Amino acid sequence: MAFSDDVRQELARVIPSARCCRVAELSAFYELSGFLLGRQNQFLDFNTSFPFVARKILLMLTGLYPDLPTQVLMKRSRSRRSQVCTVRVLGRANAGQVYQDFRDQSVLEDGGVPRKKCCRRAYLRGAFLASGSITNPERTYHLEFSTEQSRLADKILATILSLDLDAGITQRKGSLVVYMKDGGQIASLLSLMGAHSALLHFENVRVLKEMRNQVNRLVNCETANVDKTVQAALAQLEDIELIDSVIGLEELPPKLRDVARLRREHPYASLQELGELMTPKLSKSGINYRLRKIREKARQLDKLDPKH
């Protein structure tokens, strides 16, 4: 099962206790996947491809309106690979009452965002059940809400931002997509919507990925350091061979001659390791200074450009 379906199934089991939150969640679902139908608006429909989401909608409706006449319809596509489940409120007065409750919610001035924080969380939960998706975190971090209406895209974005989270809007194939790509921000939204099991899995994957990335960075850094040490050692050996072939190492001052011979014997040792092999021991900077003097002598003998 896709990770997105796991999150949707978990959110479908979250039934808010507060009336305002139930109204907020149902209103989000209605705005994204609902319709008023009939010549006199005698039907109010909630449409979904997931039976477990339809069950939640029915439970919340009957919890809010115990005597509300409802009907559940199922229609399969010709290929039978998909289905549409419709939870329908019957009767003009009943549909009008539910619709009016959606309109009467307490909202902030900007974009119709629910005033209470608990209702904002419920609204986003309903929006995700209606049109949300999330990528498996083992691949990448991406959560989105899709809608064809710019007003709803702006409302979803404003609701996310009101919870101190970051999101953006883009256009894709005629639809507007409100998206989040930061792993920490997505984790916070999963927690706010109530997908705690999915959050645990998401965070476990995120920690493992961070550890793997850190190990890769350390390995790359260590490899780069080794490469740098080897390249420097090869250049030093070339200098030593040049001096030996032209004048012989015996013509070098004793301190430089000792370092040159030690470098020949230990071609891949680091400067610190060479210093440990000296008698008496020499610091890394001391070894580096003597190798620079050897380099200068090699340049003089070969008439090298000082910038080479």
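Scope of this entry: the structure provided in the associated data block. The model shown is predicted, which means the values in this text are computed figures rather than measured ones.

Conventions used here
Residues numbered from 1 in each chain as written. Predicted model: local features only at pLDDT ≥ 70, side-chain atom pairs only at ≥ 80, totals over all residues. Heavy atoms only, no water. Salt bridge = Lys/Arg side-chain N within 4 Å of Asp/Glu carboxyl O. Helix = DSSP H or I, 4+ residues; strand = E, 2+ residues; numbered from the N terminus. Buried < 20%, exposed > 50% of the residue type's maximum accessible area, 1.4 Å probe, protein only. Expected span 1.5 Å × (residues − 1). Contact = heavy atoms within 4.5 Å. Axes fitted to C-alpha atoms, helices over the stretch in contact; angles between N-to-C directions. Parallel < 35°, antiparallel > 145°, perpendicular 65-115°, else oblique. Left-handed = near helix turned anticlockwise from the far one by under 90°. Nonpolar A, V, L, I, M, F, W, Y, C, P; charged D, E, K, R; others polar. Pairing = 2+ DSSP bridges. 1 Å grid on protein atoms, 1.4 Å probe; cavity = no way out; pocket = protein on both sides within 12 Å on 5 of 7 lines; lining within 4 Å. Points joined across faces, edges and corners; volume = space filled by probe spheres on them.

### A closer look at the pattern of salt bridges
Phase 1: Counted according to the given criterion, the structure contains 14 salt bridges.
Phase 2: For Arg261, the salt bridge identified is with Glu250, shortest N-O distance 3.9 Å. Pair noted here: Arg261 is in helix α9 (residues 254-265) and Glu250 is in the loop between α8 (196-246) and α9, with a separation of 11 residues, a long-range link.
Phase 3: Residue classification places Glu250 among the exposed residues on the basis of a relative accessible area of 54%.
Phase 4: Note that Glu296 and Lys293 form a salt bridge whose closest N and O atoms lie 3.8 Å from each other. Of the two residues, Glu296 and Lys293 both sit in helix α11 (residues 284-302), three residues apart, roughly one turn of that helix.
Phase 5: One continuous salt-bridge network, built from bridges that share partners, spans Glu25, Lys56 and Arg125.

### Examining helix α2 (residues 19-33)
Phase 1: With 15 residues, α2 should reach 21 Å at 1.5 Å per residue; the first-to-last C-alpha distance of 21 Å fits that figure.
Phase 2: For α2, a buried count of 13 out of 15 residues is recorded, marking the element as mostly surrounded by other parts of the structure.

### A short note on the environment of His196
Phase 1: By the secondary structure assignment, His196 is in helix α8.
Phase 2: On the basis of relative accessible area, His196 is assigned to the partly exposed category, the value being 48%.
Phase 3: Between the C-alpha atoms of His196 and Glu10, which are 186 residues apart in sequence, the distance is 8.3 Å.
Phase 4: Residues within four places of His196 in sequence aside, it is in contact with Glu10 and Ser191.

### Digging into helix α1 (residues 3-12)
Phase 1: Of all 10 residues that make up α1, seven are buried, and the element is covered over most of its length.
Phase 2: Buried residues of α1: Phe3, Ser4, Val7, Arg8, Glu10, Leu11 and Ala12, and no others.

### A word on the packing of helix α7 (residues 183-193) against α8
Phase 1: With their axes 8 Å apart at the nearest point, α7 and α8 run at an angle of 165° to one another. By the criterion of interaxial angle, the relationship of α7 to α8 is roughly antiparallel. The crossing of α7 and α8 is left-handed. Only His196, Ala198, Leu199, Phe202, Glu203 and Arg206 of α8 make contact with α7, whose side of the interface consists of Gly183, Gly184, Ile186, Ala187, Leu190 and Ser191.
Phase 2: Class assignment of the residues belonging to the contact of α7 with α8 gives a composition of six nonpolar, four polar and two charged.

### Thoughts on the sheet that holds strand β8 (residues 175-180)
Phase 1: One open sheet holds the four strands; their spatial order is β5-β6-β8-β7, and the pairing between them is antiparallel. Taken across any chain shown, the strands that pair with only one partner, and hence form the sheet edges, are β5 (132-134) and β7 (168-172). Across the sheet, the mean angle separating the axes of adjacent strands is 30° when strand polarity is ignored.
Phase 2: With five bridges joining them, β7 and β8 adopt antiparallel strand pairing. Counterpart to Ile169 in the pairing with β8 is Val178.
Phase 3: Its contacts with the sheet place helix α6 (residues 150-162) against β6 (143-147), β7 and β8, and it is angled at close to 10° to β8.

### Concerning the layout of surface pockets
Phase 1: Estimated volume of the largest pocket: approximately 340 Å³.
Phase 2: Taken together, 18 residues line the largest pocket, and the ones lying closest to its centre are Leu32, Ser33, Phe35, Ala130 and Ser146.
Phase 3: Of all the elements in the fold, those that place two or more residues in the lining of the largest pocket are α2, β1 (34-37), β2 (43-48), α5 (117-131) and β6.
Phase 4: Among the residues making up the lining of the largest pocket, the classes are represented as seven nonpolar, nine polar and two charged.
Phase 5: For the second largest pocket, the calculated volume is near 290 Å³.
Phase 6: Asn225, Lys228, Thr229, Ala232, Ala233, Gln236, Arg263, Ser270, Leu271, Gln272 and Lys284 together form the lining of the second largest pocket.

### Description of the sheet that holds β2
Phase 1: Spatially, β1-β2-β4-β3 is the arrangement adopted by the four strands of the open sheet, whose pairing is antiparallel. Edge strands, defined here as strands with exactly one partner in the open sheet, are β1 and β3 (70-76). Across the sheet, the mean angle from the axis of one strand to that of its neighbour is 25°, orientation sign disregarded.
Phase 2: Note that β3 and strand β4 (residues 83-90) share seven bridges and pair antiparallel. By the bridge assignment for β4, Val72 is matched with Val87.
Phase 3: Relative to β2, α2 is tilted by about 85°, and along the sheet it contacts β1 and β2.
Phase 4: The strands that helix α4 (residues 92-103) touches are β1, β2 and β4; relative to β2, the one it contacts most, it runs at about 65°.

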